[in-house]
Amino acid sequence: MRIVFEKVRDSEGSSFSFHRAGGDAFQCPYHVHPEVEILHIITGQGHLVVGDHVGRFASGDLMLLGSGLPHILRLDDA
């Protein structure tokens, strides 16, 4: 799987940014970025690859992904 570098949009003058994703916007390529990422899965479930870990995620999961850690999350088909 090829890793894509993601340029995370920053909020000018802010130390963090917030982004809500759902549906098709949730689907993203296998990617990496220098920023730390906090993910909270409100609803849904699926598969994930984070670094060398392959597993599943589900509603209510909270994840902290470190800087430079390649990752991808895919929702299960409805």
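I will try to describe carefully the structure that is included in this document. (Residues numbered from 1 in each chain as written. Predicted model: local features only at pLDDT ≥ 70, side-chain atom pairs only at ≥ 80, totals over all residues. Heavy atoms only, no water.)

1. A few points about the nonpolar core
At step 1: By size, the foremost hydrophobic cluster in this structure holds nine residues: Phe26, Leu39, Ile41, Leu48, Val50, Phe57, Met63, Leu65 and Leu73.
At step 2: Where this core is concerned, the elements lending two or more residues are strand S4 (46–50) and strand S6 (62–65).
At step 3: Setting aside residues no more than four positions away along its own chain, methionine 63 makes contact with Glu37, Ile38, Leu39, Ile41, Leu48, Phe57 and Leu73. (Core = buried A, V, L, I, M, F, W, Y, C linked by side-chain atoms within 4.5 Å. Buried < 20%, exposed > 50% of the residue type's maximum accessible area, 1.4 Å probe, protein only. Helix = DSSP H or I, 4+ residues; strand = E, 2+ residues; numbered from the N terminus. Contact = heavy atoms within 4.5 Å.)

2. So, the pattern of salt bridges
At step 1: By the definition in use, this model includes one salt bridge.
At step 2: Salt-bridge contacts for arginine 56 lead to aspartate 76; the nearest nitrogen and oxygen are separated by 2.7 Å. Placement of arginine 56 in strand S5 (residues 53–57) and of aspartate 76 in the segment after strand S7 (71–75) is noted, with a sequence separation of 20 residues between them. (Salt bridge = Lys/Arg side-chain N within 4 Å of Asp/Glu carboxyl O.)

3. Things to note about the side chain of glutamate 37
At step 1: Relative to the elements of secondary structure, glutamate 37 occurs in strand S3 (residues 37–40).
At step 2: In this structure the side chain of glutamate 37 is engaged in a polar contact, spanning 2.9 Å, whose partner is the side chain of histidine 71.
At step 3: For glutamate 37, the residues in contact, after removing those within four places along its chain, are His31, Met63, Leu64, Leu65 and His71. (Polar contact = N/O pair within 3.5 Å; in protein donor to acceptor, adjacent residues only side chain to side chain.)

4. With respect to the pairing of S6
At step 1: Residues Met63 and Leu65 of S6 are buried on one face, while the alternating residues Leu62 and Leu64, pointing to the opposite face, are not.
At step 2: Alignment of S3 against S6, held across four bridges, turns out to be antiparallel. Within the sheet, the bridge partner assigned to glutamate 37 lies in S6 and is leucine 65. (Pairing = 2+ DSSP bridges.)

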